[in-house]
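Notes for the structure review
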Amino acid sequence: MKKIAHFIAHSGVASIVASLLLLCAYWGASCGFDLSGEALADVADEVGWMRWLTPLGCFLMAYLAVKPTVEFSLATTRMPLVGTLFLMGCCIAPLSVCEPTHLALLALLSAACYLMLGTYRNRLAMGDYFVAFVLVGLATFVVPRLLWAAPLFVLCCYPLHSLHFRTFAAALLGLLTPYWVAFCLLYLTDNMPMIPAFADALVLVPPRYAVASEPVADVIIRYLPLVWVLLILLPGSISILSDSTLKLRSHSCYNYFMLLVCVLLVVVALVPSLYAPLLPLLLLLVAYIGIPLFGDQMSRAGNIYLLVLTLLWAALLTLPLWMPFIPF
């Protein structure tokens, strides 16, 4: 049992297996082997090699996600576990992360998080805050309604001990800079009618939880990734909060991740239309939260839970095979 858990947590082969399963899941979805009909039409509309840029983007993000684990003292060794957990989450809902706009949003927001991690106890981190929130501002061009949640992302930096009035002002200035540049370009090119169209996209539509009118299978398929997020977030948070051996920097970074995930979950609950765009970032952040739970000195309980989590993931991955046998 211990060897199997160690293989999943520390072996790069596990990441390769997860990558191959993601390719199979994406290929199966693109061929129509899925329970959800709406998303399949979107994938089928893509042609040629363009549709395969999405899984390649997931692989690249999983590879790059390993770098901060040692750089910011999240682990003592270079662990491929982060990439493995991220790819496993993508396998459960490949259609939720297979849009180029969602991957572009993930790249911008994850780069902003990377810059924020480097501001730990740096009272002169105004430049990092400015650049990071320029990226967040660009991300709001991809998903305009995300602008309403951007100020909350600034407050999530409190555990890093670098947030004060000047860094807060730098963050707001960075958030507004892309809008100033965009306004100037639109004014100079005489494209001002695009501004009302963008303002219309900022309008918040009250959520409609019409779950009862939808097929149960579609609802379950859509929200499967949230089950995966909670399966890692809850025990991972307990492990982080109860672990007294973590370094101060590691503890601050993990608190930042947990606070950011909680804010994202609240945002998704209040604005359901942001669920699909923010899902890849949620999957990536909870992958980091799982490091202390399945890290260097994994306890017996951690070994057991990792195996149970793998079995649950396999059950979720094969859901289309056995769900038809369940009466609703």
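1. Comments concerning the overall build of the protein
For the protein, the count of helices and strands is 16 helices and zero strands. Residues counted as buried form 47% of the 328 residues belonging to the protein. Accessible area for the protein stands at about 16,200 Å²; split by element, carbon and sulfur atoms hold 73% of it.

2. Re the environment of Leu117
Looking at the secondary structure, you find Leu117 in helix 7 (residues 100–117). Residue Leu117 is classed as buried on the basis of its relative accessible area, which comes to 3%. The sequence separation of Leu117 and Cys157 amounts to 40 residues, and the corresponding C-alpha distance is 8.8 Å.

3. Thoughts on the nonpolar core
Among the nonpolar cores identified, the biggest contains 94 residues, and Phe86, Phe133, Phe153, Trp228, Tyr256, Phe257 and Leu278 are the most heavily contacted of them. Ranked by residue count, the leading element in this core is helix 14 (residues 275–289), at twelve residues. Every residue in contact with Tyr256, bar those within four places of it in the chain, is listed here: Cys113, Met116, Leu117, Cys156, Cys157, Pro159 and Leu160.

4. Considering the packing of helix 7 against helix 14
Orientation of helix 7 relative to helix 14, taken along the N-to-C sense of each, is 45 degrees, at an axis distance of 8 Å. In terms of orientation, helix 7 lies oblique with respect to helix 14. Where helix 7 crosses over helix 14, the handedness of that crossing is right-handed. Of the residues in helix 14, those touching helix 7 at His102, Leu105, Leu106, Leu109 and Ser110 are Ala276, Pro277, Leu278, Pro280, Leu281 and Leu284. Classifying every residue of the contact of helix 7 with helix 14 by side-chain character gives nine nonpolar, two polar and no charged.

5. Overview of the packing of aromatic side chains
One pass over the full model with this rule turns up nine aromatic pairs. Ring geometry for Phe141 versus Tyr179: centroids 4.9 Å apart, planes at 70 degrees, classification edge-to-face. Of the two residues, Phe141 sits in helix 8 (residues 126–142) while Tyr179 sits in helix 10 (residues 165–188), which places them 38 residues apart along the sequence. Note on Phe141: relative accessible area 33%, which makes it partly exposed. Here the aromatic cluster, defined as three or more aromatic residues joined through ring pairs, consists of Tyr254, Tyr256, Phe257 and Tyr288.

6. A look at the confidence of the model for the protein
Per-residue confidence for the protein averages 82 on the pLDDT scale, and 84% of its residues sit at or above 70. The weakest mean pLDDT in the protein belongs to helix 3 (residues 37–45) at 43; the strongest belongs to helix 8 at 94. Low confidence marks residues 35–48, where pLDDT is under 50. Its contacts with residues over four positions away, or in another chain, come to 19 contacts.

7. Some words on unusual backbone geometry
Phi at His161 is positive, roughly 60 degrees, even though this residue is not glycine. Mapping His161 onto the fold places it in the loop between helix 9 (150–155) and helix 10.

8. Notes on the state of the cysteines
Every disulfide links exactly two cysteines, by a covalent bond between their sulfur atoms. Within the structure shown, the criterion is met by zero disulfides. No disulfide involves Cys91; its sulfur sits 7.1 Å from that of Cys90, the nearest cysteine. Residue class for Cys91 comes out buried when judged on its relative accessible area of 2%.

9. Looking at the packing of helix 7 against helix 8
Contact pair helix 7 / helix 8: the axes reach a minimum separation of 8 Å and the direction vectors enclose 165 degrees. The angle between the axes of helix 7 and helix 8 places the two elements in the roughly antiparallel class. Regarding helix 7 and helix 8, the two cross each other, and that crossing is left-handed. For the pair formed by helix 7 and helix 8, the contact residues are Thr101, Leu105, Leu108, Leu109, Ala111, Ala112, Leu115 and Met116 on the first element and Asp128, Tyr129, Val131, Ala132, Phe133, Leu135, Val136, Leu138, Ala139 and Val142 on the second. Each residue belonging to the contact of helix 7 with helix 8 can be placed in one class, and the counts come to 16 nonpolar, one polar and one charged.

Basis of the calculations
Residues numbered from 1 in each chain as written. Predicted model: local features only at pLDDT ≥ 70, side-chain atom pairs only at ≥ 80, totals over all residues. Heavy atoms only, no water. Helix = DSSP H or I, 4+ residues; strand = E, 2+ residues; numbered from the N terminus. Buried < 20%, exposed > 50% of the residue type's maximum accessible area, 1.4 Å probe, protein only. Areas by Shrake-Rupley, 256 points an atom, 1.4 Å probe, with all protein chains shown as cover. Core = buried A, V, L, I, M, F, W, Y, C linked by side-chain atoms within 4.5 Å. Contact = heavy atoms within 4.5 Å. Axes fitted to C-alpha atoms, helices over the stretch in contact; angles between N-to-C directions. Parallel < 35°, antiparallel > 145°, perpendicular 65-115°, else oblique. Left-handed = near helix turned anticlockwise from the far one by under 90°. Nonpolar A, V, L, I, M, F, W, Y, C, P; charged D, E, K, R; others polar. Phe/Tyr/Trp six-rings, centres within 6.5 Å; stacked < 30°, edge-to-face > 60°. pLDDT = per-residue confidence, 0-100. Disulfide = S-S within 2.5 Å.

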